[in-house]
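Structural description and commentary
The primary structure of each chain is shown beneath.
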Amino acid sequence: MADKEKEQKQTAEPTAETQAGQKEVAPKKEKKPKKNEEALRLKEELDATKDLLSRTAAEFDNYKKRTARERLSLAEYTKAELIKQLLPILDNVDRAGAFDAKSNEYLKGIEMIVKQLSAFGEGIGMEEVAKKGDVFDPTCHEAVMHIEDEAYGESEIVEVLQKGYKIGDTLIRSAMVKVAN
């Protein structure tokens, strides 16, 4: 009887091998929920990253617009400050225009205007770029005349025909000069 019971147990319980001689593989039910959980976690992470990227792009766009507005505002403020400094000079031009061009008051008014304009230029950091006796520099001088004269050195500026100016390292206008040798 013990042999019969063994046979019944063997037929009642599934074996690792099927009748065809292949091993029967039980489906792994545990991995599907893990894969689904991982997929959901990755999808949530992707959505969070997309949201962060969208917010960052919007913030950057707002930053660009804000800095553009600030730049325009600063430019307008700078222009207004310069004009405010020029107004007294313009007032003196009007006053000088009221006098006869041959009178002493007219000449005094012109001298005052020149002094005010020079002070204004110095106040904003404007410098002349050429003086008689300087060495010619093609980066800030424009030679419009040339003379041969042994009394002057090589590439020496003999005469400034039109003044040139710079502020800091920025050239505003080249000086027109006469150069010797």
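Above this text sits the structure in question.
Residues numbered from 1 in each chain as written. Predicted model: local features only at pLDDT ≥ 70, side-chain atom pairs only at ≥ 80, totals over all residues. Heavy atoms only, no water.

Quick look at the side chain of Asn 181 now. Among the structural elements, Asn 181 can be located in the segment after strand S6 (175–180). For Asn 181, a relative accessible area of 17% gives the class buried. A polar contact is formed between the side chain of Asn 181 and the backbone oxygen of Gly 153, at a distance of 3.2 Å. Not counting residues up to four positions away in its chain, the partners in contact with Asn 181 are His 146, Ile 147, Glu 148, Asp 149, Glu 150, Tyr 152, Gly 153, Glu 154 and Ser 155. (Helix = DSSP H or I, 4+ residues; strand = E, 2+ residues; numbered from the N terminus. Buried < 20%, exposed > 50% of the residue type's maximum accessible area, 1.4 Å probe, protein only. Polar contact = N/O pair within 3.5 Å; in protein donor to acceptor, adjacent residues only side chain to side chain. Contact = heavy atoms within 4.5 Å.)

By secondary structure assignment, the location of Lys 178 is in strand S6. Given a relative accessible area of 16%, Lys 178 falls into the buried group. Setting aside its immediate chain neighbours within four residues, Lys 178 contacts Met 145, Ile 147, Glu 156, Ile 157, Val 158, Glu 159 and Leu 161.

For helix H3 (residues 104–123), spanning 20 residues, the distance from its first C-alpha to its last is 28 Å, which sits close to the expected 28 Å at 1.5 Å a residue. The set of residues buried in H3 consists of Gly 109, Ile 113, Phe 120 and Gly 121. Here the buried residues of H3 occupy an arc of 110 degrees about the axis, which is enough to place them on one side. Away from its buried face, by an angle of more than 90 degrees, H3 presents the exposed residues Asn 104, Lys 108, Lys 115 and Glu 122. Of the residues flanking the end of H3, it is Gly 125, one or two places downstream, whose phi is positive at about 90 degrees. (Expected span 1.5 Å × (residues − 1). Arc of directions from axis to C-beta.)

With that settled, consider the layout of surface pockets. What the largest pocket holds in volume is close to 230 Å³. In terms of lining residues, the largest pocket is bounded by Val 114, Leu 117, Ser 118, Gly 121, Glu 122, Met 126, Glu 127, Glu 128, Lys 163 and Tyr 165. Of all the elements in the fold, those that place two or more residues in the lining of the largest pocket are H3 and strand S1 (126–128). Sorting elements by how many residues they give to the lining of the largest pocket places H3 first, with five residues. Taken together, the residues that form the lining of the largest pocket break down as four nonpolar, two polar and four charged. (1 Å grid on protein atoms, 1.4 Å probe; cavity = no way out; pocket = protein on both sides within 12 Å on 5 of 7 lines; lining within 4 Å. Points joined across faces, edges and corners; volume = space filled by probe spheres on them. Nonpolar A, V, L, I, M, F, W, Y, C, P; charged D, E, K, R; others polar.)

Right, let's get into a nonpolar patch on the surface. A contiguous nonpolar patch, built from Ile 83, Leu 87 and Leu 90 and spanning about 280 Å² of accessible area, is present on the exposed surface. Relative to the assigned elements, Leu 87 resides in helix H2 (residues 31–97). (Patch = residues over 30% accessible without salt bridge, like charges linked within 9 Å, V, L, I, M, F, W, Y side chains within 5 Å. Areas by Shrake-Rupley, 256 points an atom, 1.4 Å probe, with all protein chains shown as cover. Salt bridge = Lys/Arg side-chain N within 4 Å of Asp/Glu carboxyl O.)

Right, let's get into the sheet that holds strand S5 (residues 170–173). Taking strand neighbours across the sheet as the criterion, the three strands line up as S1-S4-S5 in an open arrangement whose pairing is antiparallel. Each edge of the open sheet carries a strand with a single partner, namely S1 and S5. Averaged over neighbouring strand pairs, the angle between their axes works out to 35 degrees when direction is ignored. Summarising the sheet, S1 and strand S4 (residues 165–167) pair through three bridges and their orientation is antiparallel. What sits directly across from Glu 127, in S4, is Lys 166. (Pairing = 2+ DSSP bridges. Axes fitted to C-alpha atoms, helices over the stretch in contact; angles between N-to-C directions.)

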